[in-house]
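Examining the three-dimensional arrangement
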Amino acid sequence: MTGLLKKDFMLIMKNISPAYFLAILPPVVVSLNNPAYFLFILSVTVGFLSAAQVSTTLDLDEKVHWQRNVMSMPVSIAGIAMSKYILTLILAGLAGAAVALISSIYLKDVVVIYGVITLLMVVFYNAVVIPVSYRFGTGASRYFIMFFISVPIMFVYIFKIFDIDFQKILMSLELKTLYLLMWALGAASLAVSVLITIRVIRKCLSGPGSRTAPEQLKGD
């Protein structure tokens, strides 16, 4: 599994492009007119960009039929699936920490809620995209990318129309309860997603035309 993670990080570093940061421009422009929503927009945007890196590795894997080739290696189906979720957690942790640091500097106080929002966005996004990509292909997952790009702008205008102070609402909530609920939802979504992904990979690799050895298919 360590080898799979190294492979994915190498793919991310090799394929990262300044074009990714163009996705930040629309939310940033919106936040200039609505400073109160800057941190929320930052959280969603950074979360999206981080989550999309996992989609990049899935797309590249699909193009070279990596799912079948990897079965010649001493790794189980569970290991193949878990490598993507561990990558998700690493990227989520890094993105969440970065946003939490920026938020604390921006508000001149220790604020972690926006970092948690970023982290959970990466988790929720990939909890859907990973099994969808394995089952229907990465082309289908692009619909989710289009949706997540529009999320920051959509919410900002909703907050503005209804005169909702998102930052004030977050600060007024009981943080322990909020964190507990968010972590519970994140853990549950990951658990369900992992089980679905393992089942999907097993089905795909054991389907017609598969060259996977039966004993490998049982190796999880």
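Residues numbered from 1 in each chain as written. Predicted model: local features only at pLDDT ≥ 70, side-chain atom pairs only at ≥ 80, totals over all residues. Heavy atoms only, no water.

Attention shifts here to the pattern of salt bridges. Taken as a whole and assessed by the stated rule, the structure comprises five salt bridges. Of the charged contacts, one joins Asp8 and Lys7 as a salt bridge, the two residues approaching to 2.8 Å between their closest N and O atoms. We classify Asp8 as buried; its relative accessible area is 1%. Residue Lys7 is classed as buried on the basis of its relative accessible area of 17%. Across the pair Lys84 and Asp61 runs a salt bridge, and its minimum N-O distance is 2.8 Å. With Lys84 in helix H5 (residues 77-107) and Asp61 in helix H3 (residues 38-63), this residue pair connects regions lying 23 residues apart in the sequence. The pair formed by Lys84 and Asp61 is uniform in burial state, with each residue classed as buried. Each of Lys7, Asp8, Asp61 and Lys84 takes part in salt bridges that share partners, so that together they form one network. (Salt bridge = Lys/Arg side-chain N within 4 Å of Asp/Glu carboxyl O. Buried < 20%, exposed > 50% of the residue type's maximum accessible area, 1.4 Å probe, protein only. Helix = DSSP H or I, 4+ residues; strand = E, 2+ residues; numbered from the N terminus.)

For the rest of this paragraph, the subject is the side chain of Ser83. With respect to the element layout, Ser83 can be found in helix H5. Its relative accessible area of 2% is what places Ser83 among the buried residues. If we ignore the near neighbours within four places in the chain, the residues touching Ser83 are Met1, Leu4 and Leu5. (Contact = heavy atoms within 4.5 Å.)

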